[in-house]
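Summary of the model geometry
The residues making up each chain are set out below.
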Amino acid sequence: MSDKRINQLKFIVSMFKMSMNEFNNVMGPESIQTIFRLIGENQGTAIEKRLKEKYKVDNWTPEKLSELLIKDVFEPAIGEDSAEINVTGNELTVKIKACPFHKAGIKIDDKFYCTYTEGLIDTVSKLALKDTEFKTELLQSEGKDCCQFKIIIN
């Protein structure tokens, strides 16, 4: 990547960080978390549809969903070996080891971006696996070494 492009991206990140601070001052954290949750849900809907069409999936299995989320969603966004999904019986454990927001130098302790990830994973799993329960177990924004989510298929 060229130095010019890197400087452009640094500028965009800087503007994003300043914008988020002002949004928080004007709207408050609950509103921003709701917005990011909705963005995540919309992305989750689009991702499930895209994966279903791209890989010609008629019926999702937990294993197939896990494989494609890692390969086609998480790895392109956060890098190889930065996420894993383990399937045990009717439970999926999603572990995300790298936070793209934190890596970009964005403050994450306000949990705005966590709600995006929660909305995305919860929505994809509900659409693909139908009757599911979603639970957040660990968050990097709370000082943990990874984010971990549990999906239970009822």
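Being a predicted model, the structure only gives us computed values, none of them experimental. The numbers attached to residues start from 1 for each chain and follow its sequence in the written order. In keeping with the model being predicted, local features are shown solely for residues with a pLDDT of at least 70 and side-chain atom pairs are shown and tallied solely at 80 or more, while totals for entire chains, interfaces and linings include all residues. Heavy atoms from the whole structure form the basis of all side-chain values; hydrogens and water molecules are not counted.

1. Remarks on the packing of aromatic side chains
When the centres of two rings from Phe, Tyr and Trp lie within 6.5 Å, Trp using its six-membered ring, the rings pair. Their planes under 30 degrees apart give stacked, over 60 give edge-to-face, and anything left gives tilted. Summed over the entire model, instances satisfying the criterion amount to five aromatic pairs. Pairing Phe-36 with Tyr-113 gives two aromatic rings, centres 5.1 Å apart and planes at 80°, and the pair type is edge-to-face. One end of the pair, Phe-36, is in helix H2 (residues 29-54); the other, Tyr-113, is in helix H5 (residues 112-129), and 77 residues separate them in sequence. In this pair, the class of Phe-36 matches that of Tyr-113, namely buried. With 5.6 Å between their ring centres and 20° between their planes, Phe-134 and Phe-149 make a pair best called stacked. Of this pair, Phe-134 sits in strand S3 (residues 132-138) while Phe-149 is found in strand S4 (residues 147-153), placing the two residues 15 residues apart along the sequence. Taken individually, Phe-134 and Phe-149 each receive the classification buried, so the pair is uniform in this respect. Among the aromatic residues, those joined into a ring-pair cluster are Phe-16, Phe-36, Phe-101, Phe-112 and Tyr-113. We count a stretch as a helix when DSSP gives it H or I for four or more residues in a row; a strand needs E for two or more, and each element gets its number in order from the N terminus. Exposure categories follow from relative accessible area, calculated using a 1.4 Å probe and restricted to protein chains: below 20% of the type maximum is buried, above 50% is exposed, and the middle band is partly exposed.

2. What about the pairing of strand S2 (residues 91-96)?
Note on pairing: DSSP must find at least two bridges between two strands before they are called paired. Alignment of strand S1 (residues 83-88) against S2, held across six bridges, turns out to be antiparallel. Note that in S2 the partner of Asn-86 across the bridge is Thr-93. In textbook terms, the turn of a hairpin is the stretch between consecutive antiparallel strands, and for S1 and S2 this stretch comprises two residues, one of which, Gly-89, has a positive phi near 60°. Across six bridges, the pairing between S2 and S4 is antiparallel. The partner of Ile-96 across the bridge, within S4, is Cys-147.

3. Details of H5
Since one α-helical turn is 3.6 residues long, residues separated by three or four positions face the same way. An expected span of 1.5 Å times one less than the residue number is assigned to each helix. Across its 18 residues, H5 extends 26 Å between first and last C-alpha, which sits within 8% of the 26 Å expected from 1.5 Å per residue. By the criterion of burial, H5 is predominantly enclosed, with 16 of the 18 residues buried. Taken from the residues just after H5, Lys-130 is the one with a positive phi, measuring 70°.

Any functional reading would require information beyond the geometric quantities listed.
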